[in-house]
Structure formats: structure tokens, C-alpha cells
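# Architecture at a glance
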Amino acid sequence: MLTESEGYRLLDSCGIPVPPHHLATSADDARAAAGRIGYPVVMKVVSPQIVHKSDVGGVVTGIERPDEAEEAFRAIMQNSAVHAPEAKVTGIIVEKQMPAGLEVLIGGKTDPSFGKVITFGLGGKLVELLKDVSIRVLPVSDDEIRRMIREIEGYRLIRGYRGEPPKDEEALVGVIAAMARVFIEDPRIREFDLNPVIVYEKGASVVDARIIVEDTVGGEAARLRVRAPPEIFYPDSIAVIGASASPNKVGYSVLRNLLSFPGNLYPVNPARTELFGRKTYPSVTEIPGPVDWAVIAVPARLVAGVMEECGEKGVRLAVIVTAGFREIGGEGAALEEEVVTIARRHSIRIIGPNCLGIMMPHQGINATFDPVSPRPGDVAFISQSGAIITTVVDWSLSEEFGFSTVISVGNQADLGFEHYLRFAEQDPKTRSVTLYVEEIQDGRGFAQIVREVAGRKPVVAVKSGSSRKGKAAASSHTGSLAGSYDVYIAAFRQAGVIPARSLRDAFNLAELLASEGCPRGNRAIAVTSAGGFAVLASDYAEAHGVDMVDLPDDVLRELNAFLPPFWNHANPMDILGDADATRFAALFDVLIRHQDFWDIAFVIAVPTTLVDPAHVANEIVRFSRNTKKMVVGCMLGGDSIRSGLRILRGSRIPNFEELEDAFKAVGSILEVRTARKG
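Numbering of residues begins from 1 in every chain and follows the order in which that chain's sequence is written. Thresholds applied to this predicted model are a pLDDT of at least 70 for local features of residues and 80 or more for the giving and counting of side-chain atom pairs; totals over whole chains, interfaces and linings are not thresholded and use all residues. The basis for the side-chain values is all heavy atoms of the structure; hydrogens and waters are excluded.

## Focus: empty space enclosed by the protein
Taking a probe equal in size to a water molecule and rolling it over the atoms shows the remaining empty space. Keep this limit in mind: Residues are called lining when one of their atoms sits within 4 Å of a cavity or pocket point, these points coming from a 1 Å grid over the protein atoms alone, where a cavity is a set in which a 1.4 Å probe fits but cannot get out and a pocket is an open set with protein on both sides within 12 Å along at least five of seven lines. Grid points are joined across faces, edges and corners, and a volume is the space filled by probe spheres set on the points. All amino acids are sorted into three groups, where Ala, Val, Leu, Ile, Met, Phe, Trp, Tyr, Cys and Pro are nonpolar, Asp, Glu, Lys and Arg are charged, and the leftover types, Gly among them, are polar.
Tallied over the entire structure, the rule returns 2 cavities of 30 Å³ or more. Its boundaries defined by the atoms lining it, the largest cavity holds a volume of some 90 Å³. In terms of lining residues, the largest cavity is bounded by M1, L2, T3, E4, V45, V46, S47, P48, I50, K53, A209 and R210. Tallied by class, residues from the lining of the largest cavity come to 7 nonpolar, 2 polar and 3 charged. Taken as a whole, the second largest cavity holds about 40 Å³ of empty space. Together, A605, V606, P607, V611, P613, V616, M635 and I641 line the second largest cavity.

Dropping the structure here:
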């Protein structure tokens, strides 16, 4: 850790304002320094081992006289010796006591996945308690810094609150930008904590700085892997190496799942001549025709030899479901490296190892040992957990949810998230992507690619590990605030990825985006035949950042022409409990003609004896197909609305069974789109 005076020199060299200061090593020195600087002064202990100076009595403020300066020096030294006896005190910094203002925090840390990250929030002693911070992965533009400042709850204090004049936001932007620049450009800086930075009506000043440096610089350069040609994901022939007749073997499950593959399927097992009525080959090299994919389900010790044979045969993609590689360390890691070396020599790409495999329902491919196969659909699911995949696929069947592709990434020895994202980007069957992420090694490379993919197709991500805490003895406020999970979520949002807290939320979002696309704005309308839900819609819209717009006069005139006189004449539109499908249809016709004043429509239908859910669902489908806006289905109820749900599902229009879930989903989309303007 740099001493505070060293940190001040660094900041001053970057044009960042700091108070006049001096590092004193004796009481006399402190007295003289205070006289030169001018009273009042502050005195603070300087020690790499003392992170929170106030906690050990290491800070004295409001020093007005020479004798107080001497006494403060002695008191700080004594307090430090009592409360932190192991700490090495290099001196006491004497600095000008700056006038009161708004205290904020500017921090930075080096994340193991995404590299250098900057944090901003309200400062002072309460920073960890309030945790009102925003995070960005560097580099950032000045506009991004402004958005960062404005997204914290405490921004109202910067803007001016209850008669307080506004603070100098542009001066704050300048300090953050300068610190972000030096953080990126100086590879020695690993972490820093400027707390507090005092912001005034005009100007700002850092009054406490902790900067942690390293003598040696670690390699942080992102390693972008070679892009995999998309055509390798469309095989005409597949060999299952390790195919088995034993139901308790992985090779049995994989072969059984692939029996519906319309291309050429070749079981490989030297001990068998036939499996499932198909000719079986002793080696992949003895298969008479070309082999595009090899699904490998033999013990780990045999995989290297099998890969050599696959190279000789000209296999393009190896799906290695076998475990026992890098995930067990030691010999397993060495074995994985050997397999990768063989694959590179023969230009074979690898999924896995230690993975569930890959499913491509539109092609009739289930190259996994999952006992069930998913329906075809629009959503690509890419997961770091095979168990998550089997659970999600099982859930999807009863929900009639379909997938374009399901990929278990495994150890990512060769192909990784970035390759699968590129594939999904160009795959005509994929309209949105869902990720389940545990850890990403090359965060910068991932962010660069997912940003490009998310610009073309919506990407939703669930990140596990939100409960993991930072180190017990964090070296700075930033170290405790910007935990790994928080950095992932910040990086996702910067890249245009929509974070979801649960898998169900993720697939609700992905399905909505696959069906309706992204909204152009946050102007929303809601239509319902139930007054209570109209009120709730207003509440949920406000809670989740959805703007319920006023109805234009010409739209009101058209609605009044056919709606009962007692409808509420407002948005959300309560068209009364006796509304049938015809009334919904007439209202939709008006909204189709007037698409210029809204971006999102929530259609809330409830069971009544007067309406057939199937007829309402058909009208929702027609409404969606005749607009370029987002239409969100909210048919609420149980068995009585099943006929309507089947129609929506058959037309790939998602339905939210809980009204708040619909607004939460749309709010999540709007939050990321707003944060990524331009």
C-alpha cells in the first residue's frame, strides 16, 4: 500500500485535487507542518496495516492551534500502539482540513475474470452499510461515468436535495475519469480507495487515499480464441465412441438419444457387432463414410488414443462427455492438455470434456446422456452445469417450452462461451440466448464478444455465487463492496446482457424477447377486464421502471365510441368485467392503428363466464402479429384458462402467470437497454 503522501503525489500528478499535506515523523515536525499548511488541519496515522484509521483512534480532526497539533501526534501514535500493536507506523500525515461537503467514494479493484473495475458511491463511514454503489468494468467513457453517477440512490444529494444546492457533477466526472485513466495505464496499481472524495458546489477534492501496487505485473491481456466455423454445428454424420448395450453406461444413453438423428449414426464398440439394430464398428477409423462428429464416452485414460483416431478419420468436432480431466487436477489436467494438443494438431474442435453434451432439437440431435429430449424452440441455452440442464429440460416439457440449442460447456478446454455465442448469433433457429454462468476465465474476451452478440440477439444470464462474501479482511472499502458477483452483473449490463436472479425468470425473459423482440422505449399501456388488476398494474409499473403513458385524445375518442360509458377512461384500461373477446378485439384494432404513442402492451385477462379464453388468446396473437411493439400476455388463472395458454404457446407468445413477474421481466429489459444507450 502506498503511503497516503505517496498516494497524494500520484493523484496530484494526474490533475486530481488533493489537500495541502505533509508527512510528519515527530510532534515538532507536525507542529511546524500545521503552521505552514494553515489551520484547521487533520492528522491521520500512516500504516499499510491499518485500513480503517478511525477504528484505532488514528484520526484527529479540527486541530486549530500548535499545541493541539503536538498533542494530536502523540495521541495517534499511542492509540495505534494500543489498538494495532503489529502495525508499522511510517508517520502521521498532516493535511488541510477541507470544508464540509458531500462525501463520495471512488474505488478500483482488479477482478480475476474481468480485470480492472471502478466503483462509485456515497462515501464516509456508512459506505459498507448503505452499499449504494455502481460498478463498471474499464475502460469507460465520460458518458458512461455520468450514467454511473446517476444510477445510485444517493444521486439526489448530488442533484440537490431539500433546499441544498446541487454539487459539481462535472468536477466529479473529471476526477473519476482521471483515476480510471491512471488505473488502466499503470499496470502496477491493483486496487485503490478514494474515500471520502468531497464534492462541493464548485469543485471536488480527495481527502483520503489508499492505493495498492504490485512490483510485478501479472498478465491480464485477454486471450481471444480462434472462432469456430459455424458449419461444424450442423453434422451429417455422428459416431458414438463407447456406445454400449448396458443401460447403466453413459454410452448407452447417448446412443439411445441419437437414434432419432436423421443423418448417419455409427456406434463404435470393439466388443460388439450390433447395437440397437445398427452395425457397430470396432474403431472410428473403420467407419466407411465420413464422420463429422464424434461423441466420446470412454474412460479418460483412453480419450487421447481415441482423439488420434478421430484425427486420422477427419472428425471435425469431438463432444467429450467423459469426466476425469482438469476438474480433478494433477494427472487429469495433464491428460486434458494432451487431448487438446492432439485436437489442435488434427484441427478438431472440442466440446467439453466433463460435459453433458449438446442438444439441437431442430436437427433431431440429443448428443447427451440426459434421459429426455427438449422440444424445438427459439431459445439457445448455454450452461456451465450439466445438472442444471437436465433439470431445466425436464421442466420445459411440462411448460411446453422449446430450445433451439442446449450446450453443456464442461471444462471449455477448447470451445467456450464465446464460440457458442457466435454460433447462436448466426443460427437462424435462435432468437434469444440464455446463459448459466459459474465462472468465466477470460472476462474481457467474453464481454467483447457477448456485447456484439447482444446487439443482434437478446442475451439473458443467470450468475451463480451471489452469496459468496469477499475476504474477511478486505484491503479497502472497494474490495468489500465490489464482490465477484457484483462485477459479473455490472459487466453483463455494460455488454447489454440482461441479468436474471432465477432460471425461471431467465427463461421468461428469453421467451418474451424471442417472441416480441426488444421494446424501442419504456412507454407502456395495459388492458384488462378486472379493475383490481388495473390498479396492481400501475403499482408494478412504477416499481419496475415501466412508464404508464397517458392516452391521447384521439385514442380516447375512438375507445369511447364502443366501450361502455363506465370504463375508467385511463391507462391501465379497465374495460369492465363483462368484456368478451369482441371487446378486446375492437380495442386492439385501435391500438394497432395508433402504435406511435406506446412501446409495450400488457394484456391482462381473467376467467369469467362471459369470455372464452381461447378467443381472447387468438385476439392477443393477432394483436402481436399486427404490431412491431412488445405484447406481453398475462392470462391469469388456473385450469379454466388452459385453452388460451395452449394457443399462446403454440404461437410462441409467452404468458406470465403472475402479473408482477410480467412487469419485473420488462423492467429488467428496460434497465439494461437504458444503461446501454447508443
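## Observations concerning the pattern of salt bridges
Inclusion rule: The salt bridge definition used is simple: a Lys or Arg side-chain nitrogen within 4 Å of an Asp or Glu carboxyl oxygen. Only DSSP runs of H or I with at least four residues qualify as helices, and only runs of E with at least two residues qualify as strands; both kinds are numbered from the N terminus onward. When a residue's accessible area, from a 1.4 Å probe over protein chains only, is under 20% of the maximum for its type it is buried; when over 50% it is exposed; and in between it is partly exposed.
For the structure shown, the criterion picks out 36 salt bridges. With a closest N to O distance of 2.8 Å, R136 and E151 form a salt bridge. Separated by 15 residues along the polypeptide, R136 in strand β7 (residues 133-137) and E151 in the loop between α5 (142-150) and α6 (155-159) bring together distant segments of the chain. The salt bridge partner of D186 is R188, with a shortest N-O separation of 2.8 Å. According to the relative accessible area criterion, D186 is buried, its value standing at 13%. Take R188: its relative accessible area is 44%, and that puts it in the partly exposed class.

## As for the environment of R349
The cut-off we apply is this: Every residue pair with non-hydrogen atoms within 4.5 Å of one another is taken to be in contact.
In this structure, R349 sits in strand β17 (residues 349-351). Taking the C-alpha atoms as reference points, R349 and E439, 90 residues apart in sequence, are found 21 Å from one another. Contact partners of R349, with chain neighbours within four places excluded, come to V226, R227, A228, I232, R316, L317, A318, D414, L415 and H419.

## A short note on the sheet that holds strand β22 (residues 432-437)
Put simply, the rule is: Think of it this way: DSSP has to see at least two bridges between two strands before they count as a pair. Between the N-to-C directions of two axes lies an angle of 0 to 180 degrees, each axis being a line fitted to C-alpha atoms and, for a helix, fitted only over the stretch in contact.
Strand order in the open sheet formed by 7 strands is β19-β18-β21-β20-β22-β23-β24, with mixed pairing between adjacent strands. Two strands close off the open sheet at either side, each with one partner strand: β19 (365-368) and β24 (498-500). Each strand axis lies, on average, 25° off the axis of its neighbour in the sheet, ignoring direction. By the bridge criterion, 7 bridges tie strand β20 (residues 375-383) to strand β21 (residues 402-408) in an arrangement that is parallel. Each bridged residue has a counterpart across the sheet, and for R375 the counterpart in β21 is G402. Running at roughly 165° to β22, helix α12 (residues 417-426) makes contact with β18 (357-360), β20, β21 and β22 of the sheet. Of the strands in this sheet, β22, β23 (459-463) and β24 are in contact with helix α15 (residues 484-494), which crosses β23 at around 180°.

## A short note on the confidence of the model for the protein
Note the following rule: The pLDDT score gives, residue by residue, the confidence of the prediction method on a 0 to 100 scale.
Confidence in the prediction of the protein, expressed as mean pLDDT, is 91, and 94% of residues score 70 or more. The low-confidence segment residues 218-224 (pLDDT under 50) makes 12 contacts with residues lying over four places distant or belonging to another chain. The model gives residues 469-482 a pLDDT under 50, and that stretch makes 37 contacts with residues more than four places away or in other chains.

## Here's the deal with the packing of helix α19 (residues 581-593) against helix α20 (residues 613-625)
We apply this condition: Each angle is binned into one of four classes, with values under 35 degrees roughly parallel, values over 145 roughly antiparallel, values of 65 to 115 roughly perpendicular, and all other values oblique.
Their axes nearest at 9 Å, the elements α19 and α20 cross at an angle of 10°. When the axes of α19 and α20 are compared, the pair comes out roughly parallel. Along the contact surface, α19 presents A581, F584, A585, F588, D589, L591 and I592, while α20 presents H615, V616, E619, I620, R622 and F623. Its residues assigned to classes, the contact of α19 with α20 shows 9 nonpolar, 1 polar and 3 charged.

## Here's the deal with the environment of V199
Of note, V199 is situated in strand β8 (residues 189-199). Taking the C-alpha atoms as reference points, V199 and V94, 105 residues apart in sequence, are found 21 Å from one another. Ignoring any residue separated from it by four or fewer positions in sequence, one finds V199 in contact with G101, L102, V104, K167, D168, L172 and A204.

## Focus on the sheet that holds strand β1 (residues 21-24)
Strand pairs in the sheet, formed through backbone hydrogen bonds, run parallel or antiparallel to each other. Taken in spatial order, the 4 strands of this open sheet run β1-β4-β2-β3, and their pairing is antiparallel. Strands with a single pairing partner mark the edges of an open sheet, and in this sheet they are β1 and β3 (59-63). Strand after strand, the sheet turns through a mean of 20° between neighbouring axes, direction not considered. Sheet topology note: the strand β2 (residues 41-46)/strand β4 (residues 91-96) ladder contains 6 bridges and is antiparallel. Among the inter-strand pairings, V45 is bridged to a residue of β4, identified as I92. In this fold helix α2 (residues 27-37) packs onto β1, β2 and β4, with an angle of close to 175° to the strand it touches most, β1.

## Comments concerning helix α16 (residues 503-516)
Here is the rule: Helix span is expected to be 1.5 Å times the residue number reduced by one.
Helix length check: α16, at 14 residues, gives a terminal C-alpha distance of 20 Å against a target of 20 Å (1.5 Å per residue), a fit within 8%. Among all positions of α16, only D505, A506, F507, N508, L509, A510, E511, L512, L513, A514, S515 and E516 are buried. In the stretch just after α16, G517 is the one whose phi turns positive, near 75°.

## Side note on the side chain of T3
With respect to the element layout, T3 can be found in the segment before α1 (4-13). Discounting residues that sit within four places of it in the chain, T3 has contacts with V46 and T90.

## Some points on the state of the cysteines
To keep things clear, this is the line we draw: In what follows, a disulfide is any cysteine sulfur pair within 2.5 Å.
Scanning the entire structure with this criterion turns up 0 disulfides. This cysteine, C634, is not joined by any disulfide, and C518 carries the nearest cysteine sulfur, 18 Å off.

## Some points on the pairing of strand β6 (residues 115-122)
The element β6 is largely enclosed, with a buried count of 8 among its 8 residues. Relative to β6, strand β5 (residues 102-111) runs antiparallel, the two being bridged by 8 bridges. When the bridges of β6 are listed, D111 appears paired with G115. Connecting β5 to the antiparallel partner β6 that follows it, the hairpin turn spans 3 residues. Bridge analysis of β6 against β7 gives 5 bridges, and the strand direction is antiparallel.

## A look at α15
The buried count for α15 comes to 8 of 11 residues, which makes it a mostly enclosed element. Along α15, the residues that are buried comprise Y485, V487, Y488, I489, A490, A491, F492 and Q494.

## Section: the side chain of E4
Along the chain, E4 falls in helix α1. Classification of E4 by relative accessible area gives buried; the value is 4%. Those residues in contact with E4 that lie beyond four places of it in its chain are K44, V46, K53, I93, E95, V207, D208 and A209.

## Quick word on the packing of α5 against helix α7 (residues 169-185)
The cut-off we apply is this: Note on convention: near helix rotated counterclockwise from far helix by under a right angle means a left-handed crossing. Clockwise means right-handed.
Relative orientation of the contacting elements α5 and α7 amounts to 115°, with a least axis distance of 10 Å. Where α5 crosses over α7, the handedness of that crossing is right-handed. In this structure, α5 uses D142, I145, R146, I149 and R150 to contact α7, whose residues at the interface are E169, E170, L172, V173, I176 and A177. Across the contact of α5 with α7, the residue classes break down as 6 nonpolar, no polar and 5 charged.

## What about the nonpolar core?
Most often, soluble globular proteins keep nonpolar side chains buried together rather than apart. Applicable threshold: In plain words, nonpolar cores are sets of buried Ala, Val, Leu, Ile, Met, Phe, Trp, Tyr and Cys residues tied together by side-chain atoms within 4.5 Å.
One finds L258 and L435 to be the most contacted residues of the largest nonpolar core, which totals 59 residues. When residues in this core are grouped by element, the largest group, 7 residues, is from α15. Once you skip the residues sitting within four places of it in the chain, L435 turns out to touch F381, I382, F417, L421, F446, V459, V460, A461 and V462. Ranked by size, the runner-up nonpolar core spans 47 residues in total, among them A526, Y540, V606 and L670.

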